Each structure stands twice: as structure tokens, then as C-alpha cells.
Amino acid sequence: MLLQNHLFWRSGFGPTPQMQNQAKAFTAKKYWDAVWQSAEKAPMPLQVTQSMADGMMNGLGQPGGQAQMESEASREVLRKQSRQNIRNLNLLWINEMVESPAQLREKMSLFWHGHFACRSLNAFFQQQLLHSIRENALGSFATLLREVSKSPAMLQFLNNQQNRKNSPNENFAREVMELFTLGRGNYSEKDVKEAARAFTGWSFDLSGQFIFRKGIHDGGQKTLLGKTGNFNGDDVIDVLLAKEQTAAFITNKIYRFLVNDAPNPDHIKWLSKRFFESQYSIQKLLEDIFTASWFYDKANIGNRIKSPVELLVGLRRQMPMKLHNEASQLVFQRALGQVLMYPPNVAGWPGGQNWIDASALMFRMRLPQILAQGQAINLKTKGDDDADMGRMQPADSPILPAVAARQRGVATINWEEIVAAFANVNRENLYQQLGESLLQMRPLPPKATLEAFAQKESREQYISSIMVWLMSTPEYQLC
Amino acid sequence: MHIRRRQFLQQGTMAAAGTMLIPQFLQALGQPQVAAVPPGTKVLVVLQLSGGNDGLNTIIPVRNDIYYRSRPRIGIAKDKALALTDEVGIHPALTHFKQCYDQGEMAILNSVGYPNPDRSHFRSMDIWHSASPSNQYWNTGWLGRYLDAACNGTCAHATQALEIDDVLSLALKGDQQKGMAVQDPARLYSSSQNKLYRSLLATKAQQEEPTANYLYKTLGNAINNADYIFKASKASTSTATYPSTELGKSLKTIASLVFSDINTKVYYVSLGSFDTHTNQDNQQNRLFTELNGAVGAFVSDLKAQGRFDDVLLCTFSEFGRRVAQNGSGGTDHGTANNMFFVGGGLKRKGLLNDMPNLSTLENGDLIHQVDFKNVYATLLNQWLKADANAILGTPTQALDFI
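Note that the structure is predicted; figures quoted are calculated from it, not measured. (Residues numbered from 1 in each chain as written. Chains lettered and ligands numbered in written order. Predicted model: local features only at pLDDT ≥ 70, side-chain atom pairs only at ≥ 80, totals over all residues. Heavy atoms only, no water.)

1. Structural notes on unusual backbone geometry
Alright, step 1. Of note, the amide linkage connecting R442 of chain A to P443 of chain A takes the cis form, showing an omega dihedral of -5°.
Alright, step 2. Structurally, P443 of chain A is set in the loop between α21 (427-438) and α22 (447-451).
Alright, step 3. Going from G272 of chain B to S273 of chain B, the amide bond is cis rather than trans, its omega being 10°.
Alright, step 4. As for its placement among the helices and strands, S273 of chain B is situated in the loop between β8 (266-271) and α11 (280-304).
Alright, step 5. You will see that L225 of chain A, though not glycine, has its phi angle at about 50°, which is positive.
Alright, step 6. In this fold, L225 of chain A is placed in the loop between β3 (222-224) and β4 (227-229).
Alright, step 7. With relative accessibility at 16%, the residue L225 of chain A sits in the buried group. (Helix = DSSP H or I, 4+ residues; strand = E, 2+ residues; numbered from the N terminus. Buried < 20%, exposed > 50% of the residue type's maximum accessible area, 1.4 Å probe, protein only.)

2. Looking at the packing of helix α6 (residues 123-136) of chain A against helix α7 (residues 141-149) of chain A
Residue and element names in this part refer to chain A.
Alright, step 1. Two numbers describe how α6 lies on α7: the axes approach to 10 Å, and their chain directions differ by 175°. Classified by the angle between their axes, α6 and α7 sit roughly antiparallel to one another. Across the interface between the two elements, L129, S132, I133 and N136 from α6 touch T143, L144, E147 and V148 from α7.
Alright, step 2. Here the residues of the contact of α6 with α7 sort into four nonpolar, three polar and one charged. (Axes fitted to C-alpha atoms, helices over the stretch in contact; angles between N-to-C directions. Parallel < 35°, antiparallel > 145°, perpendicular 65-115°, else oblique. Contact = heavy atoms within 4.5 Å. Nonpolar A, V, L, I, M, F, W, Y, C, P; charged D, E, K, R; others polar.)

3. Topic: the pairing of strand β5 (residues 106-113) of chain B
All names here are of chain B.
Alright, step 1. Of all eight residues that make up β5, eight are buried, and the element is covered over most of its length.
Alright, step 2. In the sheet, β5 pairs with strand β10 (residues 337-343) via five bridges, with the strands oriented antiparallel. Bridge assignment links M106 to a residue of β10, and that residue is V342.
Alright, step 3. In terms of strand pairing, β5 meets strand β11 (residues 350-351) through two bridges, oriented parallel. Bridge pairing links I108 to L351 in β11.
Alright, step 4. Of the strand pairs in this sheet, β5 and strand β12 (residues 370-371) are connected by two bridges, and their pairing is parallel. Along β12, the bridge assignment pairs V112 with V370. (Pairing = 2+ DSSP bridges.)

4. Structural notes on the confidence of the model for chain B
Alright, step 1. Looking at chain B, the pLDDT average stands at 89 and 90% of residues meet or exceed 70.
Alright, step 2. When the criterion is pLDDT under 50, residues 1-35 of chain B qualifies, and its contacts beyond four places in sequence or with other chains add up to 61 contacts. (pLDDT = per-residue confidence, 0-100.)

5. Here we look at helix α13 (residues 265-277) of chain A
Residue and element names in this part refer to chain A.
Alright, step 1. The first and last C-alpha atoms of α13 sit 18 Å apart over 13 residues, in line with the 18 Å expected at 1.5 Å per residue.
Alright, step 2. Of all the residues in α13, the buried ones are H267, I268, L271, S272 and F275. The buried residues of α13 occupy an angular sector of 110° when the element is viewed end-on, so they sit on one face. Opposite the packed face of α13, turned more than 90 degrees from it, sit the exposed residues P265, D266, K269 and E277.
Alright, step 3. On its buried face, α13 is in contact with α7, α12 (244-258) and α14 (282-290).
Alright, step 4. Between the side-chain oxygen of the N-cap and the backbone nitrogen of D266 there are 2.8 Å, and the N-cap of α13 in question is N264.
Alright, step 5. The first or second residue beyond α13 is Q279, which carries a positive phi of 55°. (Expected span 1.5 Å × (residues − 1). Arc of directions from axis to C-beta. Polar contact = N/O pair within 3.5 Å; in protein donor to acceptor, adjacent residues only side chain to side chain.)

Okay, structure coming up:
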């Protein structure tokens, strides 16, 4: 069970109760094939807004930045709608992570969502970018990079609209090299300047379509990373993809996300060479990782700190539930430091031990009790001035009293489903089975320690209480 | 008005010197000395004005035509502002700040910012929290790194820096240590008292696997520190009356801890949102009323307990706002801003430098004259007696107001 759950956690958001019972003899290749087949199909777009026509004008929500085409009051209405749409998109995606059989696709989309970190208060742009990411999450990194770089969300976020011939704005060019491809230290300031010139003219229109504005493009000769030509933006991307360093940078980051925060240089070398030779096939890279024998080494199991979204989604998968107020998940994301669509900066979420401080850990450990036992959330999150636009309260503040008023708690757990999944397990083996299905650390916490807090009146009570306590451990923060 | 870069460092405008009527020692005379911690233990309170407070309507250039021309609707008239000098007024809601100013207990530093300013809230706040250059992304905060240095991996309680909040800010995250976020010591204590956690710690405190060990260590520290903070908060709870606002409660919590023998040197607390794109007057006035009431109560409480000389409260915001008003009775995101320093232990008081130059702007924004990292260096070196260069990662000149 340990090895299969290792794959389920790293290639997705953990096993559901049913998946525990289908334990067949584990071989990495066979399980990988199954994981891949479930994820292969092109995803349905997650849609919260129909089109730009909904009023998601260019620059909306960036006061002072947009044409004064609407009255302030009607713009405020539009901004409010857009914020609501972004929240809906967040929740819709979380549901997809919980329910979709295409676990690998959603997992890698979460990776790319952090890699191509972007903030936009325009819900239509966000929706568009998320779809590009989910569509290309397992395909070609070259395509993904190009699509993301041409998305209005990213062009706007990294100020490429202001990047013009004779008046360059280097933000976009710098981040494409520093964060998306080569990594810091693998290019010069001169390269940034030259690339910025090449990206002039990359823009988008009011319908949210990429356009190339020839009139503001600098068509002159540029020299970038040793290559010279009358480069445009596409050429820059080609030059960057032709560098093996790009493959090494991406491989290293994916390895840290999927395998181990401390990369093994030999593994990276081997993987990145093959990734480069495959012309950036993400599928090939993932197959190389998930079928490698070292992926299943003890040193790579149960030692990765789940991100808040992975924790939340994993809880919902392992403990199927109906949330009484889906928006409570926004409170959890804020309290734990990972709100989808709101990365902390262009570098994305730093991850690893950065997720953990005393308050975050204590809240993480209380989360199963909040969900399953109706423990009060009892916490106020910080506002986000970019999202709230100076309104008096954090965007999700109405949720708190609503939840607190509900004595029945935040969610109703489907214990029947869970109990059924463990129906064939003897009472004396239950602790072991539950523990092994939930935790990736061995040995498990001592049975006596947790049983001291268990309710033993009925089998269901035993299972539910042991599960909640197992999920309230430091070990459950790891996968 | 010509801005002389760096000159204020040497020159010092002692505009307020004449108003320092009552010497500190006379004020403190006859006050009860109940503090368990020997007076002289310096404490810093950082008050974050989230959302980008409009500095020009906070410290107002009441004789500057450009100011009134740029802000026909929201400019604060000279007779409405509380006068600090002939040229300078303070927002009418900030009566206690005016009082502190008059008594030589406040310093104001204008035009604080950083090179290549970013007008996004979260990015600019990140820069202020981490003290990184504006083109770098750091995962630790300046007070977190102070905490690393203060605790040095060996202290019993890494509570030298506390945030009065439920969620910890980047500013307090260090490499080795992370500060604690505690909105309410009693609530933190009670949620740390889960018996399961103690049993787990008893059986599994030492983990072989380093990440698991880190989690168990964090849990153990959280429980110990929650206990330590709770006891300290009970030991000498402030009996003074504070406004029943959130900031009022937070400053009362801070005062209670200052009066105890807790090892905390830095408290961090936020008020917001100052993101006044529309109807600025109401919003800023409401927030300043809360700020004024809470800080006023805090100052008298500290004075009554004889600790005002040991506490320095400073305010900052991630950016100021544009010089010109916008079309909605508000202001949009700007750049440089002023900072307040309130306390009995200031070396220089009043207006520390010139008012912002409104005639030389960059894209309609103020040009910063003081880098906030020099302010941090001052607070770290002069007040907290820490090694600012190590904490800020680069040699950074301290200013001379402390």
C-alpha cells in the first residue's frame, strides 16, 4: 500500500477510500500506465464567465490604469463581479482536483500554476490562462511556455503592454528568463534588454486575444545568448528552448515538486538530458520519474510537506464530504498561505518548510477536526488589498459568522462510504489499515496513543474518530 | 523647496525642539514602576497600515499650492488640519499624534521608499517585509531574520518577535525561526492544549526523518510558546482602558506583554485597509480614528507604567498614493510615504527631513528620499542592538534619530 499511495500522492492528491481496496500487486510501470490513462484526455474548460463581453475590460480592477469609459460605480460593480468570478474559479478547480480521475493533469496544472505565477483581477484572463495550463500540463513544455507567454493575463501582469520600441519595459523579458526557462544567473542584463526589445509588440486586444502590434515592435537586430538576428518574441522563446539549461531548470523544479526537495544531481542530469532530447515532452519526463526505481526509494517517501491546497484536496478525497459552504475553503487557503490565483509574487509559492510556522501548523492539524467534528474555525484571515480594493473587510469575511453560526460544522462526512471501504478489515487490524491508508510515514504513530482518544462504541465511531486523529498528526502533513 | 538628498542625515530639522516643554524625567516622576522587566529593555512595535495609506493627507503641506491644486476635492484645508508647524499639519483625526508631536515624543520621516517602486500592493508589501531589492524575491522577512539572530538556534522560546494576528506575515519568517502569530494569547493557549498533541510529542518527539523532525519541533515549540505567552499575558495584564476596536485590543495585549517578563522585543500589528481609491475622506478618517484612539491609550498606558521610554512604535505602509486625486474622491497607488515614530526614547524628534517635493515628480508620483532599509538599519542597530548589516544582507547606513 505504501508504494501505490506514494504514486497516488505524488502524481495526484492521494487515494480515495475505494482506491485502497483495489490493491493489486504493485508494479511501477503498470500503475503508471493507469495513472497516465486516466489523465490523458483533454480537459473540459473550467468556466465562470462567458467572455470579455461580461464586462471584463482590459485593465479592469487596476484603478487609474484603464480608460475612463465607465462610471466609477459601474466599474465597481464589474470589479466586484470579477472578484466573485475568480473565487468561483478557485472553488471550481478545487472540486476538479478532488473529483477528477485525471489526477495527474490537475496535479501538474497546480505545479504550472505556481511556476507561471500570475495575478490578474480580470476573471476572464484568469480563466483563459488556467485553461491553457490545464490543456498543456502534460504535453509539450515548448507549447505551454508559448501559450502562457502569449496569454493576456501574463502579458498584463508582467507589463508587456508597456513594452514598446524605444521605450522598453523589461519586466516580461526578465521573468521569462529568470522564472520560466533559464533561472537566475544564466543570462546577462544585456540579454534581458535584447529580449525585451524582441518582445515589443506582444499584446492583446479587448476580446482577450493575443495580437502582435507591428507598429510598436522593434524590428532591429538583437544579440541574445550568443545568437544574433532580427528576433521577435517567438524567436526569443526558440533561443531559450534551444538551451539545455532550460530543460535542467524545469526538471529540477519538477523533481523538487514531485520527488524530493533536495534533488539528486545524477537523477537531474539523466532526466533533463532526456527531457531536452524529447523536445520537452512533459509526458516522457513524468514517465521517467514515476517509473524510476529511485522514485520508490525510502528516502523519497513520506518526506514532502503537502501544500495547503494538496492538504485540503487530499482531506476531501480521503474523507469524502459535503461542504455546507464551499467558500469556507477560501478561508482555509488564506489561513494556510496558498490562495489559488493569488500567488505571493511572480516567483510563486516557495513551498517546503516555508509552509510551516506555528500558527499554520496548528491550523493544519485542526482542519480535520473543523471539517469532521464541527470545531469552530475561530480565526480571522488577513485581507488582500489587491483583491479587496480597499473595501472594509477581507473578501471572505461574511463566511466566518455564517460558519460559526452553524453548530453542525463545516461539512458532513460520508462515513458510510469510508466504513464500507474497510468492511473486510478485522477490528484488530483496523488501526494499522487506516493508518497505512492515510499516512506515508513509517512507523505509524503508536496505536495506543491514538486509541486513547478514539470512540469505541461502534465500528463507525471507531473508524471516524481514529481517522480524524490520524489526520490531525504532524505525519499527515507529509506525503 | 529643493530636496537635498541625504542631507537630513547630518542636518536634522529640529522643528519640534521648541515644543518639548516637559522633560522626560519629570513626566516619568511619580509614576509606578511595576514592570517585571527592568526598564531599559527596548521594545519595538511595528504598525502596518495595509493598503497604501495616503501620506499627503496624513502629514499635510498646508501652505503648498501644488497640493491644493492637485487635490481640489480631497485636499485637507489648513484650518481643518492640526498644525504641527506653520507649513505642516496633521490629519484632524490624529489628535494623540499631534499631542505626542507637541511633547517631543514623535518623529516623522518623509519620503520613505525604495528604488524602482512597485505599485502592486502585494509586491510592494513583499519588498517592505523581506527588505529585498525590488527585483529580487526573498522568502524571509527582516524581523524573521532578526529573530534568527536573536534566538541563534539555542533560545528556550523563539518569541523575540510576535505578530498580533491569526496568520503570520512574511516579515516575521526567518530562515531558522519563524515568529508566532497570536491574536489572543488565551485562544492560542487553548487550541494548543489538545491532549493528542502532547501524547504524540511524548512518544514521537525525536524523528529520524528531518522533515518530520522539523514538524514535531515546530509543534513542540508552538505548545511551549503558547504556554509561555499566555502566562506572560496573565502576569501583568494591563488595567488601562483601551477602545474596544481590534487595534485597541491588540495594543492592550502588547502592553500587557511589555509589562511582563516575556523576552519579546518586537511586536507586529496591522490596520487596514487604507486602499482609498474612492471616498477617501470617510475611509481614512474612520481608520485614523481607530488608530488614534488605540495609540493614544497605548501611550498613556505605557507612561503610567513607566515604560514609555522603552517602547518605540513605528508605522509604515507599502506605498503612498499619487499626488493628484482621481475622479472618484480618492487616490491611486503611489510611491514614497511618511513614517511615524512614537516613543519616549527618541534622540531626534519632530520633522526629521523636508516635506515631499511636489514640484518634481516621476509620473505623478513622489520621488523617495530615504530608503526604508536605512530606517530598518536604524531600528535594528540603534534600538534593538542587533547586527543590521547581517540581517539586511548588505551594509546599510543607520539614521540618527534614535
